[in-house]
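# Survey of secondary and tertiary structure
Here are the chains, one letter per residue:
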Amino acid sequence: MSYTNIASALVLLVLGALVVIRMRSWIIAGWTTAFFVGVSAVLVWSDGIKVLVSGKTLHGFIFSLPRFGSGLEITIDPLGGAFAMLVAAVSFMAAIYSIGYMTHYRRESPGRFYSLLQLFIASMIGVVSVADWLFFIVFWELMTLVSYFLVTFERSDPQAMRAGFKYFIMTHVATAGLLVTAIYLWRLTGSFGFEDHQAGLGGMIIGVRSLLLALYFVAFATKAGVFPLGDWVPDVYPAAPSAISAVLSGVTSKVGVYGLLRIFWLNLTHVGTSGEVMTWGSIIAFLGMLSAFVGGVTAMKVDDAKRLLALSSMSQVGYILLALGIGIAFSKTPGMESVALLGILASGFHILNDAIYKSLLFMNAGSVYYATGTRDLNRLGGLWGVMPYVAVAGLVGVLSLAGLPPTNGFASKWVIYQAAVSGGLKFAPFLVVAVVAFFVSLSTLAYSLKYFNTAFLGKPTSEQGPPVRVPVAMAVSQCLLALVCLVVGLVPALVIRTVGVALGASSTQAFDMGWIGALHTLPVGGGIPASWSPLSLLVVLLVALVIAQLIRKSSAVHTRAVPSWYCGEEHSDDEVRYRAHGFYLPFNLAFGKVYPHIPVPRLPSLRGVLSALNFDGWLYNPILRLGGRLTDKVSRSHVGIPQLYMIWQVAGMILVLALLFVLVK
Amino acid sequence: MSIAAIVVNGVLALLLAPLFEGVTRKIKAIIHSRQGPPLTQAYIDILKLLGKEDLRPTSNSLFRFGPAMVLASFLVVAALTPMGVGNESVGADMVAWVYFLTLGAAAIIITGAASGNPFAVAGGAREIMILLSVEPIIVAALITAAIKSHSLRLVDMVNWNLVNGPTISLVGAGVAFFLALQAALGKLPFDIPEAESEIVDGPLVELSGPNLALLKLGILVRQFVYCFMLVAVFLPWPALKPWPLYILSGLVKVLILFVLAAVIEAVSPRLRIDQAMGYMGRVLFVALAALTFAAIGV
């Protein structure tokens, strides 16, 4: 057994789960959890940085199952290490956020929530730090199971229970594909190791390989929440407590993308033919485009703050897949190396950025819910004055989500467009991807401003009642994430370098990086020249702002507070409020059919399946009742008369003797 | 990184944008058989507004600083527009150009929403819908130019077009850009976000004094930049030297575009938003056709 920090982080998290399980106070359990998660985050980061700096894989052997060709060994390669760091950091923020947020679930048990949360984090770190499909699936299933209990944490809410059920069924059915591939390749190679399976994939005929790859794709894309497969996303993210939504959308969906990266980027591009990678790359890119479009356009018409963000997650994962697909497609085309690198770097960079601003925004929507008790944007307004720090963090979040400069969202979208346009020069359909990506980015602006403007700006509504003060812990985690958004946006070159190391894609072959963090794409290997230097543009923007302020201050004018002007009519604010539902109505009517709501048919056979699954109904309860009846009968013999007992004893002795006679003879 | 280009472009846009508004008003007055205001009227308006009382319907700081942000973003866009100074990249490309435009639009919308006036919120929602229908066209047109010139840098697009002359795809893209221009400028029949007679100037309804001056100036700069972009990328000829002459020829072409826009504005009624979206949908087909032509190499 050899030591790794990540292994101790996992042990620590399980220990933490045991420590908090009996706690009765939300505050104490919250701080304890934050401590355990924080320490394990430091441990994970220390290993992650070690791996990313050296570029070598870290091994921590724990035990082996030679009969199965499997073994639990913590194996952290740069890709896994980077994901583990991301999971640890975002989860730590979510843990801090929970300290404040979860206090309003007074009736539920703190021990249950926090121990599940720690197990959830541990399982995610486990998934990305093993190199063995058997234990990958073990951690993966643990992740699904624990997150199911977290989604349905509010057991009194039937909507949450239904959403949780949908999540459980959909991700489980998809995981079956993962099991099939793992077992098939195990039969073929006699091992569960990642490398052996890669070799196994390489050795088989193209038809079987395509089938297995399709199974992998379904399993991982379902978890990632890509449009048709991730149909559970718009139901589940809103149903979970906001801290959990932040983790689910921020990192759990990215763990799904991690699977895709491992199979399609690390494995397929080594073993596949160039036609094969082109086909798979195009499929992934176009599915990503579809997901981005459907999620983006649908989010514009949704009035529930968290459902809007959930659809936005679907859209952003679409962006990630779109870039990933372009990267994979060109990975074996001679003369297009740079485009492949651009695509894959864009995808990795967007994973990081989406994890940051999406978890920030889910926390933000959670704060709104905490303060007002509603997520319905039609009934919200004017929270800027109530919680200024949360509102500023929310503004940074929506600007990043919409990809406006100089935030991190812009930086990664910029790389995505580079990849799409230069890919389009070789394979024209990717130009359509580029134009659609632009369009979706504008619809992102539309729905993110719908969220921000209705919740934080304008005037407070009468429906939302007197707002509750938001705890500091909630604001702190959001402000930190907002700061990261800005910093990453201003020095993208530094981050892209790290992303490049993680993905094994040399970033210096695609970019010429200036010393102030500027990015210049290199016009070699299919790339086309373009540049983005955020710091110098920031200086230009600041100078322009100073000029604008100088113009404004050029005359000292009198300032006076006035009431809102409703064209001379006397109205209360609520009467004339422009509610969220009315936003973009003509547009939504034009695109109304993009994501049709398919009602689940109530099949009689399904009811049969459900009642067959209801073990309480036909197995446990009848047996219990039978047992009850039998013991009733036995107890009737206990009448309390010693003579009667003596008779029973004598009768019993005779019976035993008779039996002995029969048996001995 | 060409600092000279940034400074010249920014200053030009800031100083000249109101002049074109004056021209527009004059043309409209001629069509209406009025005498009309002098050419300098837009400057006078802005100066006058700077001295007016600053009315605050809300204490929200976004409302206070929004207009400055609007002007600043559009000045950055102007600085990035390849008007003709220098041949180097300015550290940003076509993607950044489009996104800084969007940043300015977002600042207008946020300023409006911060005022808390329902007209402003309605105007903001309309602004986004117009943006959603106009910007894909402009982006498709610019990508067409990017394909032909094998670069996303605006300077390279201009130089390629200057040297290699008009191609079918670039002409198509230019036409699509021109057809979308009226909406990009926010003029009739597409002045739907502002619509004075309907939603009383939309996002601008609560602004007054210096803030209104800044926002108006910002919107004028945006109009100027859109026109100059069309001229610079799709109509760069002739390649005059030295650069002041080249910029002057660009300004003349911009003037022609403004005159055309003014004529259209004077004779058109306002469309409904869904009609405008339908129109833009058809223009998008033109842009996509140009893109297809570029992809097959003509």
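Keep in mind it's a predicted model, so treat the numbers as computed, not measured. (Residues numbered from 1 in each chain as written. Chains lettered and ligands numbered in written order. Predicted model: local features only at pLDDT ≥ 70, side-chain atom pairs only at ≥ 80, totals over all residues. Heavy atoms only, no water.)

### Examining the overall build of chain A
The following threshold applies: Here a strand is any run of E in DSSP of at least two residues, a helix any run of H or I of at least four, and the numbering for each starts at the N terminus. As a reference, a globule follows 2.2 Å times the number of residues to the power 0.38, and the radius of gyration itself is taken over C-alpha atoms. Three exposure classes are used, based on accessible area relative to the maximum for each residue type with a 1.4 Å probe and protein chains only: buried under 20%, partly exposed in between, and exposed over 50%.
Helices and strands together make up the secondary structure of chain A, namely 23 helices and six strands. Relative to a compact globule of 665 residues, whose C-alpha radius of gyration would be 26 Å, chain A shows 29 Å and is just as compact. By principal-axis analysis of the C-alpha atoms, chain A measures approximately 115 × 70 × 50 Å. The 665 residues of chain A split such that 57% are buried.

### Description of the overall build of chain B
For clarity, the threshold we go by: Throughout, a residue-residue contact means that at least one pair of heavy atoms, one from each residue, lies within 4.5 Å. Only four residue types enter the tally: Lys and Arg on the positive side, Asp and Glu on the negative side, with His and both chain ends excluded. Positions of charges follow a simple convention, taking NZ of Lys, CZ of Arg, CG of Asp or CD of Glu.
Scanning chain B for helices and strands turns up 11 helices and one strand. For chain B, the succession of helices and strands along the chain, N to C, is α-α-β-α-α-α-α-α-α-α-α-α. In summary, chain B has a C-alpha radius of gyration of 19 Å against a globular reference of 19 Å for 298 residues, a match within 12%. Across its three principal directions, the C-alpha atoms of chain B cover 55 × 45 × 40 Å. For chain B, the residues scored as buried account for 66% of the 298 residues in total. Long-range contacts, defined here as pairs at least 24 residues apart, represent 82% of the contacts in chain B between residues at least 6 apart. Each charge class in chain B was averaged separately, 19 positive and 17 negative side chains, and the resulting centres sit 5 Å apart.

### Here we look at the packing of aromatic side chains
The description of an aromatic ring pair rests on the distance of the ring centres and on the angle between the ring planes. This is how the line gets drawn: Classification of ring pairs uses Phe, Tyr and Trp, with its six-membered ring standing for Trp, and accepts pairs whose centres are within 6.5 Å; under 30 degrees between planes counts as stacked, over 60 as edge-to-face, and the remaining range as tilted. Charge-over-ring contacts are defined here by two conditions on Lys NZ or Arg CZ: a distance within 6 Å of the ring centre and an angle within 35 degrees of the ring normal.
The final tally for this structure, using the stated rule, is 51 aromatic pairs over all chains. On the basis of an interplanar angle of 90° and a centroid distance of 5.5 Å, the ring pair of Phe583(A) and Tyr584(A) is categorised as edge-to-face. An identical accessibility class is assigned to Phe583(A) and Tyr584(A); each is buried. A ring pair is formed by Trp97(B) and Tyr226(B), whose centres lie 6.4 Å apart and whose planes are at 85°; its orientation type is edge-to-face. Separated by 129 residues along the polypeptide, Trp97(B) in helix 4 (residues 94–115) and Tyr226(B) in helix 9 (residues 209–234) bring together distant segments of the chain. In this structure, Trp97(B) and Tyr226(B) share a single accessibility class: buried. Three or more aromatic residues joined by ring pairs make a cluster, and in this case those are Trp26(A), Tyr97(A), Tyr101(A), Tyr105(A), Phe113(A), Tyr114(A), Phe153(A) and Tyr370(A). Across the ring face of Trp140(A), the terminal group of Lys223(A) is positioned such that the distance to the ring centre comes to 5.8 Å. The ring of Tyr369(A) carries Arg375(A) above its face, with NZ or CZ at 6.0 Å from the centroid.

### Here we look at the interface of chain A and chain B
Just so we agree on the cut-off: Summed over both partners, the accessible area (1.4 Å probe) lost when two parts come together is defined as the buried area. Only one rule defines a salt bridge in this text: a Lys or Arg side-chain nitrogen within 4 Å of an Asp or Glu carboxyl oxygen. Throughout, the ten residues Ala, Val, Leu, Ile, Met, Phe, Trp, Tyr, Cys and Pro are labelled nonpolar, Asp, Glu, Lys and Arg are labelled charged, and all others, Gly among them, are labelled polar. By the convention used here, strands pair only if DSSP detects at least 2 bridges between them.
Taken together, the contacts link 68 residues of chain A with 77 residues of chain B. Both sides of the chain A and chain B interface together cover about 6200 Å² of buried area, and 78% of this is carbon and sulfur. Along the contact surface separating chain A from chain B lie one salt bridge. Arg560(A) is the salt-bridge partner of Glu53(B), the closest N and O atoms lying 2.8 Å from each other. Counting residues per element, the ones that place at least two in the side of chain A that touches chain B are helix 15 (408–426), helix 16 (429–456), strand 5 (530–532), helix 19 (534–553), strand 6 (559–561) and helix 20 (585–590) of chain A. Ranked by residue count, the leading element in the side of chain A that touches chain B is helix 16 of chain A, at 13 residues. In terms of residue class, the side of chain A that touches chain B is made up of 49 nonpolar, 15 polar and four charged. As paired elements, strand 6 of chain A and strand 1 (residues 54–56) of chain B share three bridges and run parallel to each other. Along strand 1 of chain B, the bridge assignment pairs Arg560(A) with Leu55(B).

### A short note on the sheet that holds strand 4 (residues 519–521) of chain A
All names here are of chain A. Let me state the cut-off plainly: Only C-alpha atoms enter the line fits that serve as axes; for helices the fit covers just the stretch in contact. Angles between N-to-C directions range over 0 to 180 degrees.
Strand order in the open sheet formed by three strands is 3-4-5, and the pairing between neighbours is antiparallel. Unpaired on one side and paired on the other, strand 3 (511–513) and strand 5 mark the two borders of the sheet. Strand-to-strand twist across the sheet, computed as the mean angle between neighbouring axes with direction ignored, equals 20°. Inspection of the sheet shows strand 4 paired to strand 5 by three bridges, in the antiparallel sense. Of the residues in strand 5, the one forming a bridge with Thr521 is Ala530. Strands strand 3, strand 4 and strand 5 of the sheet are contacted by helix 15, whose axis makes an angle of about 175° with strand 5.

### Here's the deal with helix 17 (residues 472–490) of chain A
Structural remark: α-helix, 3.6 residues per turn; residues separated by three or four positions point the same way. Residue and element names in this part refer to chain A. Stated formally: Working rule for helices: expected span equals 1.5 Å times residues minus one.
Helix length check: helix 17, at 19 residues, gives a terminal C-alpha distance of 27 Å against a target of 27 Å (1.5 Å per residue), a fit within 8%. Those residues of helix 17 not exposed but buried are Ala473, Met474, Ala475, Ser477, Gln478, Leu481, Ala482, Cys485, Val488 and Gly489. Considering only its buried residues, helix 17 is in contact with helix 3 (78–101), helix 13 (337–372), helix 14 (388–401), helix 15, helix 18 (492–503) and helix 19.

### Some thoughts on the pairing of strand 1 (residues 58–65) of chain A
Residue and element names in this part refer to chain A. Pairing between strand 1 and strand 2 (residues 70–76): seven bridges, direction antiparallel. Within strand 2, the residue paired with Phe61 across the bridge is Glu73. Connecting strand 1 to the next strand, strand 2, in antiparallel fashion are four residues, including Gly69 with a positive phi near 65°.

### Structural notes on the nonpolar core
Side chains that are nonpolar tend, in soluble globular proteins, to be buried together. Let me state the cut-off plainly: Put simply, buried Ala, Val, Leu, Ile, Met, Phe, Trp, Tyr and Cys residues joined by side-chain atoms within 4.5 Å make one nonpolar core.
Membership of the largest hydrophobic core comes to 334 residues, with the highest contact counts inside it found for Phe136(A), Phe456(A) and Trp97(B). Considering each element in turn, this core owes the most residues, 20 residues, to helix 13 of chain A.

### Comments concerning a positive patch on the surface
The cut-off we apply is this: A residue counts toward a patch only above 30% relative accessible area and without a salt bridge, and it is joined to like-charged neighbours within 9 Å or, for Val, Leu, Ile, Met, Phe, Trp and Tyr, to nonpolar neighbours within 5 Å. Here the open area of atoms and residues is found with the Shrake-Rupley method and a 1.4 Å probe, where only the protein chains shown may cover a residue.
A grouping of Arg625(A), Arg629(A), Lys633(A) and Arg636(A) is seen on the molecular surface, where their side chains present a positively charged patch. With a relative accessible area of 49%, Arg629(A) lands in the partly exposed category.

### A look at the environment of Ala213(B)
All names here are of chain B. Of note, Ala213 is situated in helix 9. Residue classification places Ala213 among the buried residues on the basis of a relative accessible area of 2%. With 210 residues separating them along the chain, Ala213 and Ile3 place their C-alpha atoms 27 Å apart. Those residues in contact with Ala213 that sit more than four places away from it in its chain are Ile46, Leu49 and Leu50.

### A few points about the pattern of salt bridges
It is possible for side chains of opposite charge to pair when their charged atoms get near one another. For the coordinates displayed, the defined rule picks out 20 salt bridges over all chains. Its salt-bridge partner being Lys187(B), residue Glu265(B) comes within 3.9 Å of it at the nearest N-O pair. One end of the pair, Glu265(B), is in helix 10 (residues 243–267); the other, Lys187(B), is in the loop between helix 7 (168–185) and helix 8 (196–199), with 78 residues separating them in the sequence. Owing to a relative accessible area of 12%, Glu265(B) belongs among the buried residues under this scheme. The buried category is assigned to Lys187(B), whose relative accessible area is 3%. Put simply, Lys166(A), Asp231(A), Asp235(A) and Arg307(A) are held in one network by salt bridges that share partners.

### Concerning the side chain of Ser40(A)
By the secondary structure assignment, Ser40(A) is in helix 2 (residues 26–54). Since its relative accessible area comes to 2%, Ser40(A) is described here as buried.

### A word on helix 14 of chain A
Residues and elements named next belong to chain A. A rise of 1.5 Å per residue sets the reference length of helix 14, with its 14 residues, at 20 Å; its end C-alpha atoms lie 20 Å apart and thus fit the reference within 8%. The buried fraction of helix 14 amounts to 11 of the 14 residues, a majority that puts the element mostly inside the structure. Among all positions in helix 14, only Val390, Ala391, Ala393, Gly394, Leu395, Val396, Gly397, Val398, Leu399, Ser400 and Leu401 are buried. In the stretch just after helix 14, Gly403 is the one whose phi turns positive, near 70°.

### Focus: the environment of Val7(B)
All names here are of chain B. Mapping Val7 onto the fold places it in helix 1 (residues 3–31). According to the relative accessible area criterion, Val7 is partly exposed, its value standing at 45%. Residues Val7 and Ile109, 102 residues apart in the sequence, show an inter-C-alpha distance of 27 Å.

### Some thoughts on the confidence of the model for chain B
Counted only if it meets this: For every residue, the predictor assigns a confidence score, pLDDT, that lies between 0 and 100.
When the pLDDT values of chain B are averaged, the result is 86; 98% of them are 70 or greater. Both scores are given for the predicted complex: the pTM is 0.88, the ipTM 0.91.

### Looking at unusual backbone geometry
Both trends apply: most residues other than glycine have a negative phi, and most peptide bonds are in trans. Cis geometry marks the peptide bond from Pro405(A) to Pro406(A); its omega dihedral reads 0°. One can find Pro406(A) in the loop between helix 14 and helix 15. Of note, the bond from Trp237(B) into Pro238(B) is cis; its omega dihedral lies within 30 degrees of zero at -10°. Tracing the chain through its elements places Pro238(B) in the loop between helix 9 and helix 10. For Ser33(B), which is not glycine, the phi dihedral falls at a positive 60°. Residue Ser33(B) is classed as exposed on the basis of its relative accessible area, which comes to 69%.

### Description of the packing of helix 16 of chain A against helix 5 (residues 118–149) of chain B
What counts, and what does not: Orientation categories follow fixed angle ranges, with anything under 35 degrees roughly parallel, anything over 145 roughly antiparallel, 65 to 115 roughly perpendicular, and all other angles oblique. A clockwise turn of the near helix away from the far one marks a right-handed crossing, whereas an anticlockwise turn of less than a right angle marks a left-handed crossing.
Taken N-terminus to C-terminus, the directions of helix 16 of chain A and helix 5 of chain B make an angle of 155°; their axes are 10 Å apart at the nearest point. The angle between helix 16 of chain A and helix 5 of chain B falls in the class roughly antiparallel. The element helix 16 of chain A and its partner helix 5 of chain B pack so that their crossing is right-handed. Residues Leu431(A), Ala434(A), Val435(A), Phe438(A), Phe439(A), Leu442(A), Ser443(A), Leu445(A), Ala446(A) and Leu449(A) of helix 16 of chain A form the contact with helix 5 of chain B, whose participating residues are Ile128(B), Leu131(B), Leu132(B), Glu135(B), Pro136(B), Val139(B), Ala140(B), Ile143(B) and Ile147(B). Residues of the contact of helix 16 of chain A with helix 5 of chain B, tallied by class, amount to 17 nonpolar, one polar and one charged.

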